[in-house]
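An overview of the molecular structure
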Amino acid sequence: MALILIVDDQNTNRQIYAQIAKRIEEDIEVVTCPGPAEALLWLKTHAPDLILTDFNMPGMQGDDFIGHIRSDPKHADVPIIVVTVFEDRTLRLRALDAGATDLLLSPVDHREFVARARNLLKMHRQSQVLSHRANALLESLKKSESILAWTQRENASRLVNVIDTIPVMVSATDLDGCFLFMNVYKANFLGLKPEDVIGRNRLDVLGKQKSERNSAIDQLVISSRNGLRSFEEEFTGSDGTKRVFLTSKSPLMEGDTVIGVVTSSQDITDRKAAETHLHHMAHHDAMTGLANRSMLRDRVDREIGRCRRGDGRFAIHIIDLDGFKQVNDVHGHATGDELLVRVGEGLREIVGENDLVARLGGDEFAVLQANVTSESQIEQLGKNIAAHLPGAIALVEMSSPVTASIGISVHPEDGADFEQLVRNADLAMYRTKAASGDGFCFFAANMDARAREEQRIDNALRQALEDEQFVLHYQQQVDLKTGLIIGCEALLRMRDGEGGFIPPGEFLPRAERNGLIMPINEWVIEEACRQGARWHRMGLPDFTIGVNLSPVQFQRQSVPLLVARILGETGMPAHLLDLELTESIVLHDREQVAIQLGQLRDLGVKISIDDYGTGCSSLSYVKHFPVDRLKIDQSFVRDMQSNPSDAAIVRATINLGHSLGLEVIAEGVETKAVANLLLLEHCDKAQGYHFGRPQGADVLEQQMLAQTGNKIDHVEKIQGLA
């Protein structure tokens, strides 16, 4: 018999939910409470199998109520379904953070309630059985003198039979990674026989990739003598189907000695599918299927991070429908909804593959135009939207005229964050409406100020070139396996005349537009090669120096000739120079860029893909251009510990790079925890504040000398190089 507790301050809701709950399965007992206080009092003496609660209740909110329940170890694992309103995403997140197992949207769909409750009851029972039997298994193992003796005893044999009946993959390995036990469920899933696995190494059973990952994790369990927090992993069954499992690992003890590791994996594929669906709903507009404001904000934040390195600009187009209210008033909301869907489809057909279309609400849409290189490119998209949307609108049968008013803002000129960019694009859109609508307008409130600022930056850049105000800082790159410095990235800084430095994001975008990027980048390559040659002559171990290339260089000069000349003049070994490309370099003339990259490779120079993963055409680099390594963009690395989507992107990038024989380096590593995760995923190299901030050449030189144990007096080295 299953016991279900229903908590809701509305008597009608309690009665309805109670009647629905009795349809879940036979022998259901339902208890209802009018509020959290009564429920918590009842829970002191009772142990329900499932709890259904409303979120908004007088006296105590749903997340506080759930927190009180979870604080009692007796109820730590009981499934809790929270009823909340779809539109309030904050409440849903609060409920999940507090420990809710699942969510139902109000008004509750009866069939959905029954299906979800039945599944949660089933999983709760399986979890209880697994916990009980796993504890029994560990107790038995502790009493055994050895695994062999344990397997031969009659009582252990019965325990193995019990473990074979549960729908969870269970296995045990010794300190060398050889299987001591595997239950029938796991063996059947992998297409094996349990008796054929005993004594075999995991490398033979699971394959190289799975074996190396499990070996690294098992070593943590063995060294710490503690179980690890459950983690998700994917297994491919013997029939080729891929399933997602939640895996736990615990030390296998004999007295006070660790003799192996016990692994259990529960199938959570269906739950992951439900989470994916909820994630999609949280980031997409339900009516049109377009991105919503939340997803647009995330993408804009990533574009801002990419642009901080001087790699292009992007624009926000806000589109508002003129006359939409009359459509709803005259033709009804069904026609209005059809119009919104048609407009969304039309916008997706107009924009580029790297752009994002979103519906912000009502009849307001937005387009994020990425990788823009000129005002004319932004203007052309505005014209395309204004010209082609009438065709999509005409597909809807209505008599009311509808047009589109468009406002455009550009980063970084018109805003430094999402809110400012959208606000300024909105202002430009309303200016379009004031001018009779049906067109587009750039945000221009600071047009005069912008022109003066650009002139000031132009003068400062020319002065910096003349007075040698540029300087290179170097950020170290380390081998994740050894922790040794194996390279660095050269990062440009400009002195501000007061002893400080101006970050590149404040002057490189303008340098790209006014052409000064050509002499600046040439100076960067020369200075990096000159420093690299000096370190090489000092006898320091070979390590690469990464230099970012500008798209303008590929468009206006022969990069191979420039690099060949600099290498010859400085004496820098070609294989120690790593030229880093970004996606915008190949947006214009892919064939010509491919030729130049081939010539650079012929010189012996290394080629890297910088900020990998931020653009849809990143895979094209790997397929069509000669490259040596991928650099995973820091926007994915920084949050991989808390964001499963970012972790999946990082894992996929590492696997892609290794399958193509490329080295993979992660940028933006700021914590030891992220570094450890990257090591577990077999990432090769990393850079970020965890290992060191950008610093002067002399500081990095001292670190390299300390690393290599070089005892040569520094003054003698300098004299010998003179």
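- Under an unreviewed UniProt entry, the chain has the name Diguanylate cyclase and belongs to Cohaesibacter celericrescens.

**As for the overall build of the chain**
- Of the regular secondary structure elements, the chain holds 29 helices and 24 strands.
- Out of the 722 residues belonging to the chain, those deemed buried represent 49%.
- Within the chain, counting contacts between residues at least 6 apart in sequence, those at least 24 apart form 64% of the total.
- Carbon and sulfur atoms make up 50% of the accessible area of the chain, which amounts to about 33700 Å² in all.

**Overview of helix H17 (residues 418–434)**
- Along its 17 residues, H17 runs 24 Å from first to last C-alpha, staying within 8% of the 24 Å computed at 1.5 Å per residue.
- Those residues of H17 that are buried are in contact with helix H13 (293–307), strand E11 (313–322), strand E13 (364–372), strand E14 (403–411) and strand E15 (439–442).
- One side-chain oxygen of the residue at the start of H17 lies 3.4 Å from the amide nitrogen of Glu 419, identifying that residue as Asp 417.
- Ser 436 sits one or two positions beyond H17 and adopts a positive phi of about 85°.

**Regarding the UniProt feature "modified residue: 4-aspartylphosphate" (unreviewed entry) in the chain**
- The positions that UniProt labels "modified residue: 4-aspartylphosphate" (unreviewed entry) are, in the present scheme, Asp 54.
- Residue placement: Asp 54 occurs in strand E3 (residues 50–54).
- Those residues within four positions of Asp 54 in sequence are excluded, and the remaining contacts are Val 7, Asp 8, Asp 9, Gly 62 and Val 83.

**Topic: the packing of aromatic side chains**
- One pass over the structure, following the stated rule, counts 8 aromatic pairs.
- Aromatic side chains Phe 235 and Phe 245 sit 5.6 Å apart centroid to centroid with 85° between the ring planes, which places their arrangement in the edge-to-face category. Of the two residues, Phe 235 sits in strand E8 (residues 228–236) while Phe 245 sits in strand E9 (residues 242–254), which places them 10 residues apart along the sequence. The exposure classification of Phe 235 matches that of Phe 245, with both residues buried.
- On the numbers, 6.4 Å between centres and 75° between planes, the contact of Phe 440 with Phe 442 is edge-to-face.

**Considering the packing of helix H2 (residues 36–43) against helix H3 (residues 62–70)**
- As a packed pair, H2 and H3 sit with axes 11 Å apart at the nearest point and diverge in direction by 10°. By the angle class used here, H2 and H3 are roughly parallel. Touching Pro 36, Ala 39, Leu 40 and Leu 43 of H2 are Phe 65, His 68 and Ile 69, all from H3.
- The residue makeup of the contact of H2 with H3, split by class, is 6 nonpolar, 1 polar and no charged.

**What to know about the sheet that holds E15**
- Ordered in space as E12-E13-E11-E14-E15, the 5 strands form an open sheet in which the pairing is mixed. Edge strands, defined here as strands with exactly one partner in the open sheet, are strand E12 (356–361) and E15. Between one strand axis and the next, the sheet turns through 25° on average, direction left out of account.
- Sheet analysis places E11 next to E14, joined by 9 bridges and oriented antiparallel. Bridging across to E14, His 317 finds its partner in Ile 408.

**Describing H2**
- Where H2 is concerned, the buried positions are Pro 36, Ala 39, Trp 42 and Leu 43. Taken down its axis, H2 places every buried residue within 125° of arc, on the same side. Opposite the packed face of H2, turned more than 90 degrees from it, sit the exposed residues Ala 37 and Leu 41.
- Close packing links the buried residues of H2 with strand E1 (2–7), strand E2 (28–33), E3 and H3.

**Section: the sheet that holds E9**
- What the 5 strands build is an open sheet, ordered E7-E6-E10-E9-E8; its pairing is antiparallel. Two strands close off the open sheet at either side, each with one partner strand: strand E7 (179–182) and E8. Adjacent strand axes in the sheet meet at a mean angle of 25° when their direction is disregarded.
- Two elements, E8 and E9, share 7 bridges in a ladder whose sense is antiparallel. By the bridge assignment for E9, Phe 235 is matched with Arg 243.
- Where helix H11 (residues 208–224) meets the sheet, its contacts fall on strand E6 (169–174), E8, E9 and strand E10 (257–267), and the angle it forms with E8 comes to roughly 165°.
- Sheet contacts for helix H12 (residues 269–283): E8, E9 and E10; angle to E9, the most-contacted strand, approximately 125°.

**Topic: the packing of helix H20 (residues 517–537) against helix H22 (residues 559–570)**
- Their axes nearest at 9 Å, the elements H20 and H22 cross at an angle of 35°. Our pair here, H20 against H22, has a crossing hand that is right-handed. Only Leu 562, Arg 565, Ile 566, Leu 567 and Thr 570 of H22 make contact with H20, whose side of the interface consists of Glu 522, Ile 525, Glu 526, Cys 529, Arg 530, Ala 533 and Arg 537.
- Grouping the amino acids of the contact of H20 with H22 by side-chain chemistry returns 6 nonpolar, 1 polar and 5 charged.

**Section: the nonpolar core**
- In this structure, Leu 461, Tyr 474, Trp 535, Leu 577 and Leu 579 are the most contacted members of the largest nonpolar core, which totals 59 residues.
- Top element by residues in this core is H20. It accounts for 9 residues.
- Excluding its chain neighbours within four sequence positions, the residues that come into contact with Leu 577 are Cys 529, Ile 545, Val 547, Val 563, Leu 567, Met 572, Val 605 and Lys 606.
- Counting residues in each nonpolar core, the second largest holds 28 residues, with Leu 340, Val 343, Ile 393 and Ile 408 among its members.

**A few points about unusual backbone geometry**
- Residue Pro 412 follows His 411 across a cis peptide bond; omega there is 10°.
- Examined against the element boundaries, Pro 412 turns out to sit in the loop between E14 and H17.
- The backbone of Arg 225 shows a phi angle near 60°, a positive value even though the residue is not glycine.
- Of note in the backbone geometry, His 682 takes a positive phi value of approximately 70° without being a glycine.
- Relative to the helices and strands, His 682 is located in the loop between helix H27 (672–680) and strand E24 (685–686).

**A few points about the pattern of salt bridges**
- Tallied over the entire structure, the rule returns 37 salt bridges.
- For the salt bridge of Glu 522 with Arg 565, the shortest nitrogen-to-oxygen distance reads 2.7 Å. One end of the pair, Glu 522, is in helix H20; the other, Arg 565, is in helix H22, and 43 residues separate them in sequence.
- Residue class for Glu 522 comes out partly exposed when judged on its relative accessible area of 25%.

**Focus: the confidence of the model for the chain**
- Residues with a pLDDT of 70 or more make up 89% of the chain, whose mean pLDDT is 85.
- Model confidence for the chain, summarised as mean pLDDT per element, is weakest for helix H29 (residues 714–721) at 44 and strongest for E24 at 96.
- Between residues 711–719, whose pLDDT stays under 50, and residues either more than four places distant or in other chains, the model counts 7 contacts.

**With respect to the environment of Ala 434**
- Note on placement: Ala 434 falls in helix H17.
- Note: C-alpha distance between Ala 434 and Ser 405 (29 residues apart in sequence) is 9.5 Å.

**Regarding the pairing of E12**
- The buried fraction of E12 amounts to 5 of the 6 residues, a majority that puts the element mostly inside the structure.
- Where E12 lies against E13, 5 bridges are found, and the strand directions are antiparallel. Within E13, the position partnered with Leu 356 by the bridge is Leu 368.

Parameters and conventions
Residues numbered from 1 in each chain as written. Predicted model: local features only at pLDDT ≥ 70, side-chain atom pairs only at ≥ 80, totals over all residues. Heavy atoms only, no water. Helix = DSSP H or I, 4+ residues; strand = E, 2+ residues; numbered from the N terminus. Buried < 20%, exposed > 50% of the residue type's maximum accessible area, 1.4 Å probe, protein only. Contact = heavy atoms within 4.5 Å. Areas by Shrake-Rupley, 256 points an atom, 1.4 Å probe, with all protein chains shown as cover. Expected span 1.5 Å × (residues − 1). Polar contact = N/O pair within 3.5 Å; in protein donor to acceptor, adjacent residues only side chain to side chain. UniProt positions renumbered as here; feature names shortened; annotations may be inferred. Phe/Tyr/Trp six-rings, centres within 6.5 Å; stacked < 30°, edge-to-face > 60°. Axes fitted to C-alpha atoms, helices over the stretch in contact; angles between N-to-C directions. Parallel < 35°, antiparallel > 145°, perpendicular 65-115°, else oblique. Nonpolar A, V, L, I, M, F, W, Y, C, P; charged D, E, K, R; others polar. Pairing = 2+ DSSP bridges. Arc of directions from axis to C-beta. Left-handed = near helix turned anticlockwise from the far one by under 90°. Core = buried A, V, L, I, M, F, W, Y, C linked by side-chain atoms within 4.5 Å. Salt bridge = Lys/Arg side-chain N within 4 Å of Asp/Glu carboxyl O. pLDDT = per-residue confidence, 0-100.

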